[in-house]
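Report on the structure
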Amino acid sequence: VQLVESGGALVQPGGSLRLSCAASGFTFSSYHMSWYRQAPGKERELVAAITGAGITTNYAESMKGRFTISRDNAKNTVYLQMNSLKPEDTAVYFCNAKRNWPKLYEYWGQGTQVTVSS
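Heads up: these notes are all about the structure in this document.

Rules and cut-offs
Position numbers for residues count from 1 along each chain, tracking the sequence in the order it is written. Residue-level local features of this predicted model are given only where pLDDT is at least 70; pairs of side-chain atoms are given and counted only at 80 or more, and the full residue set underlies all totals for whole chains, interfaces and linings. To get the side-chain values, all heavy atoms of the structure are used, and hydrogens and water are removed first. In this analysis, strands are considered paired if DSSP registers two or more bridges between them. Working definition: helices are DSSP H or I runs of at least four residues, strands are E runs of at least two. Numbering for both runs from the N terminus. Any residue under 20% of the maximum accessible area for its type is buried, any over 50% is exposed, and the rest in between are partly exposed; the area is computed with a 1.4 Å probe on protein chains only. N or O atoms closer than or at 3.5 Å make up a polar contact, with two conditions inside protein: a donor-capable atom paired with an acceptor-capable one, and, for residues adjacent in sequence, both atoms drawn from side chains.

**Thoughts on the pairing of strand E9 (residues 91-99)**
Inspection of the sheet shows strand E4 (residues 32-38) paired to E9 by 7 bridges, in the antiparallel sense. By the bridge assignment for E9, Arg37 is matched with Tyr93. Relative to strand E11 (residues 112-116), E9 runs antiparallel, the two sharing 3 bridges. Residue pairing for E11: Val92 is matched across the bridge by Gln113. Here E9 pairs with strand E10 (residues 105-108) via 4 bridges, running antiparallel. Within the sheet, the bridge partner assigned to Asn96 lies in E10 and is Trp108.

**As for the pairing of E4**
Where E4 meets strand E5 (residues 45-50), 5 bridges bridge the pair, whose relative direction is antiparallel. By the bridge assignment for E5, Met33 is matched with Ile50. The turn joining E4 and E5, which pair antiparallel and follow one another in sequence, is formed by 6 residues; a positive phi near 80° is taken by Gly41.

**Quick notes on the environment of Glu5**
Within the secondary structure, Glu5 sits in strand E1 (residues 2-6). Judged by its relative accessible area of 5%, Glu5 falls in the buried class. Taking C-alpha positions, Glu5 is 9.5 Å from Thr77, a pair spaced 72 residues apart along the chain. A polar contact is formed between the side chain of Glu5 and the backbone nitrogen of Gln110, at a distance of 3.0 Å. Here Gly111 takes part through its backbone nitrogen, which lies 3.0 Å from a polar atom of the side chain of Glu5.

In structure tokens, the structure reads:
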């Protein structure tokens, strides 16, 4: 099983980035996919999540209206479009795959660094 994030970069405040997470080794469409982030000295927090078919999405309150999660099950890839970036969005962003049936299966990527700074 692999989750490989990409797209992290240094960007100026107000800018945009699109993160990608390429999955392999499991049935991608059967898993809920999420993006989490962890800033230095802080706990990892949920950014956004999307169901297996891509019908339902959820966002942390501070990301609503700025971030969009999407997935392409044909490409086994989940995306996070981030607009209007703020310095407080600086963090390592992690991809997560999870399903709860018939038992808990959960996988994490290695993370990609996003730095928002002028």
